[in-house]
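Chains, contacts and geometry: an overview
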Amino acid sequence: MPKKFIKRYMPDPHKIRHHKHLQIFGSLLHDPSLWHMNRRSVSGAFGVGLFFAWVPVPFQMILAAGAAIPLRVNLPISVGLVWVTNPLTMPPMFYFAYILGSWVLGTPPGDFAFELSIEWLKQGLIHIWRPFLLGCAILGVISSATGYGSIRLLWRLHLIRVYKRRKTRNINK
């Protein structure tokens with residue numbers, strides 16, 4: 001099962017709890033629910049991580065961790081999933097969010113030339129922020145719900161297959 005594969009690459013909770021830079025979280029990281037790999041924790045982590053992947057701010061991992069802790073879902077998976085938006089995937093994903101937001105608002109998408117500069121952010125973002133943020137919100141909710149539901153379904157199907165295999169094995173003995 002992927003659970004064993006994922007556990008192999010998960011960080012050690014003991015090391016994270018005692019890391020000098022993470023001491024600001026105090027005892028919040030001591031909750032065992034943040035480290036468990038069960039259906040509820042993993043599916044919730046997918047929901048949190050995929051939602052925050054669509055939030056167009058720096059340090060999305062901090063937001064995902066901040067949501068994972070009170071929701072008591074798997075912290076490493078929540079934080080890791082925000083890397084769906086990385087420097088390679090971010091431009092097409094956010095452009096699609098802008099197009100979707102423009103379509104929902106009923107406004108034609110504007111022609112603009114993106115430049116990575118403070119001046120463009122001051123001038124260019126003024127014209128596109130509404131459809132862009134609306135598209136990101138819509139896609140965040142859809143991705144979150146799809147990820148949560150898919151993991152729940154896949155986990156259930158896996159358990160059904162395991163139980164059937166076990167039942168068949170016990171009958172053949």
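You'll find the structure just up there.
The structure presented is a predicted model; accordingly, all values stated were derived computationally and were not measured.

Moving on to the packing of helix α3 (residues 39-53) against helix α4 (residues 60-71). Between α3 and α4, the least distance of the axes is 9 Å, while the angle of their chain directions is 145°. As α3 runs across α4, the sense of the crossing is right-handed. Counting all contacts with α3, which are made through Arg-40, Val-48, Phe-52 and Ala-53, the residues of α4 involved are Gln-60, Leu-63, Ala-64, Ala-67, Ala-68 and Leu-71. Here the residues of the contact of α3 with α4 are counted per class, giving 8 nonpolar, 1 polar and 1 charged.

A word on a positive patch on the surface. Side chains of Arg-161, Arg-165, Arg-166 and Arg-169 sit close together on the surface and give a patch of like positive charge. Examined against the element boundaries, Arg-169 turns out to sit in helix α8 (residues 125-172). Residue classification places Arg-169 among the partly exposed positions, given a relative accessible area of 48%.

Before going further, it helps to spend a moment on the packing of aromatic side chains. For any pair of aromatic rings, the description rests on two quantities: the centre-to-centre distance and the angle between the ring planes. Overall, the coordinates contain 4 aromatic pairs when judged by the stated rule. Between Phe-51 and Phe-52, the aromatic rings sit 5.2 Å apart at their centres with planes inclined by 85°, giving edge-to-face as the arrangement. Exposure remark for Phe-51: the relative accessible area of 31% places this residue in the partly exposed category. Note on Phe-52: relative accessible area 16%, which makes it buried. Plain terms: the ring middles of Tyr-95 and Tyr-98 are 6.4 Å apart, the flat faces sit at 45° to each other, and that makes the pair tilted. Placement of the pair is Tyr-95 and Tyr-98 together in helix α6 (residues 90-105), with a separation of 3 residues, close to one helical turn. What makes Tyr-95 partly exposed here is its relative accessible area of 49%. With relative accessibility at 5%, the residue Tyr-98 sits in the buried group. Among the aromatic residues, those joined into a cluster by ring pairs are Trp-54, Phe-94 and Phe-132.

Rules behind the numbers
Residues numbered from 1 in each chain as written. Predicted model: local features only at pLDDT ≥ 70, side-chain atom pairs only at ≥ 80, totals over all residues. Heavy atoms only, no water. Axes fitted to C-alpha atoms, helices over the stretch in contact; angles between N-to-C directions. Helix = DSSP H or I, 4+ residues; strand = E, 2+ residues; numbered from the N terminus. Left-handed = near helix turned anticlockwise from the far one by under 90°. Contact = heavy atoms within 4.5 Å. Nonpolar A, V, L, I, M, F, W, Y, C, P; charged D, E, K, R; others polar. Patch = residues over 30% accessible without salt bridge, like charges linked within 9 Å, V, L, I, M, F, W, Y side chains within 5 Å. Areas by Shrake-Rupley, 256 points an atom, 1.4 Å probe, with all protein chains shown as cover. Salt bridge = Lys/Arg side-chain N within 4 Å of Asp/Glu carboxyl O. Lys, Arg positive; Asp, Glu negative; His and termini not counted. Charge placed at Lys NZ, Arg CZ, Asp CG, Glu CD. Buried < 20%, exposed > 50% of the residue type's maximum accessible area, 1.4 Å probe, protein only. Phe/Tyr/Trp six-rings, centres within 6.5 Å; stacked < 30°, edge-to-face > 60°.

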